[in-house]
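# Working through the structure, step by step
Residue strings, one per chain:
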Amino acid sequence: MKISSATFAFSSGKLSQIPDDGLPEFAFIGRSNVGKSSLINMLTDNGALAKVSATPGKTKLINHFLINRQWYLVDLPGYGYAKTSKSDRQEFGRLITDYVLKARKLWFLFVLVDSRHAPMKIDLDFMRLLGREGVPFGIVFTKCDKQSAGQTEENIRAYERTLAQEWEELPPRFRSSSVKKQGRDAILGFIDGCLDDRTGE
């Protein structure tokens, strides 16, 4: 997929504020400070599109970016920065929960996890929520350039083993590095394939 245009469209503080214009949405989410803004900027080849911050929990709204005037790339607030709770709605935030469970135009959700860490409970719990609710998602392992290839492989295999204990089929998985632009073609190619599949129906 070639991105010829990527522009900020609008921000929303609640689901009802998102226009029902029929354009498909591909959303990105993860724990705070997982490298989401850097990944979005890398995918769109625009270093200033999504604001990168060293402060966890900076993104508070749902941000829509219009890509090629055909689909939206959606930047969701990070989860896991606020105090957690047994309630999914409280743990992941009402805005996040409302969007991933109720957004009518959401075609696919990319869940970002830091490749430097072993499987973390809050990420696994969020994936369980998505699976339970039938939300189509894939996993993007970020910051793969920050450690040895062997350590990255070990952590990813640990995720796969953990997920395989509960899932009959594992979700799509991508490896990324915003610095080296690793994963750009794979992720954009996947989105392109989703758009082609829907167009061909």
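What you see is a predicted model; the values in this text were computed from it and never measured.

### Some details on the pattern of salt bridges
- Counted according to the given criterion, the structure contains 16 salt bridges.
- Notably, a salt bridge pairs Arg173 with Glu160, separated by 2.7 Å at the nearest N-O pair. Note that Arg173 is positioned in strand β7 (residues 173–175) and Glu160 in helix α5 (residues 149–164), a separation of 13 residues in sequence.
- Since its relative accessible area comes to 37%, Arg173 is described here as partly exposed.
- Here the salt bridges share partners, and the residues they tie into one network are Glu153, Arg157, Glu160, Arg173 and Arg175.

### Brief notes about the pairing of strand β4 (residues 71–75)
- Buried residues dominate β4, accounting for 5 of its 5 residues.
- By the alternation rule, side chains of β4 split into Trp71, Leu73 and Asp75 and Tyr72 and Val74, which are all buried.
- Where strand β2 (residues 25–30) lies against β4, 4 bridges are found, and the strand directions are parallel. In the sheet register, Phe26 faces β4, and the bridge partner there is Leu73.
- The hairpin formed by strand β3 (residues 62–67) and β4 contains 3 residues between the paired strands, and Asn68 there has a positive phi angle of roughly 55°.

### A look at the pairing of strand β6 (residues 137–142)
- With respect to burial, β6 is a largely interior element, 6 of its 6 residues being buried.
- Residues Phe137, Ile139 and Phe141 of β6 are buried on one face, and the alternating residues Gly138, Val140 and Thr142, pointing to the opposite face, are buried as well.
- Two strands pair when backbone bridges link them, and strand β5 (residues 106–114) and β6 are joined in this way by 6 bridges, in the parallel orientation. When the sheet's bridge partners are listed, Val113 is paired in β6 with Phe141.

### Quick look at the sheet that holds β7
- In space, the 7 strands of this open sheet follow the order β1-β3-β4-β2-β5-β6-β7, with mixed pairing throughout. With partners counted over all chains shown, the strands left at the sheet margins are β1 (6–12) and β7, one partner each. Taken over all neighbouring pairs, the strand axes of this sheet differ in orientation by 25° on average, direction set aside.

### Thoughts on the packing of helix α4 (residues 121–133) against α5
- Put simply, α4 and α5 touch, their axes get as near as 12 Å, and they point 45° apart. In terms of orientation, α4 lies oblique with respect to α5. As α4 packs across α5, the resulting crossing turns out to be right-handed. Between α4, through Asp123, Leu124 and Met127, and α5, the contact on the second element is made entirely by Tyr159, Thr162 and Leu163.
- Its residues assigned to classes, the contact of α4 with α5 comprises 4 nonpolar, 1 polar and 1 charged.

The rules we used
Residues numbered from 1 in each chain as written. Predicted model: local features only at pLDDT ≥ 70, side-chain atom pairs only at ≥ 80, totals over all residues. Heavy atoms only, no water. Salt bridge = Lys/Arg side-chain N within 4 Å of Asp/Glu carboxyl O. Helix = DSSP H or I, 4+ residues; strand = E, 2+ residues; numbered from the N terminus. Buried < 20%, exposed > 50% of the residue type's maximum accessible area, 1.4 Å probe, protein only. Pairing = 2+ DSSP bridges. Axes fitted to C-alpha atoms, helices over the stretch in contact; angles between N-to-C directions. Parallel < 35°, antiparallel > 145°, perpendicular 65-115°, else oblique. Left-handed = near helix turned anticlockwise from the far one by under 90°. Contact = heavy atoms within 4.5 Å. Nonpolar A, V, L, I, M, F, W, Y, C, P; charged D, E, K, R; others polar.

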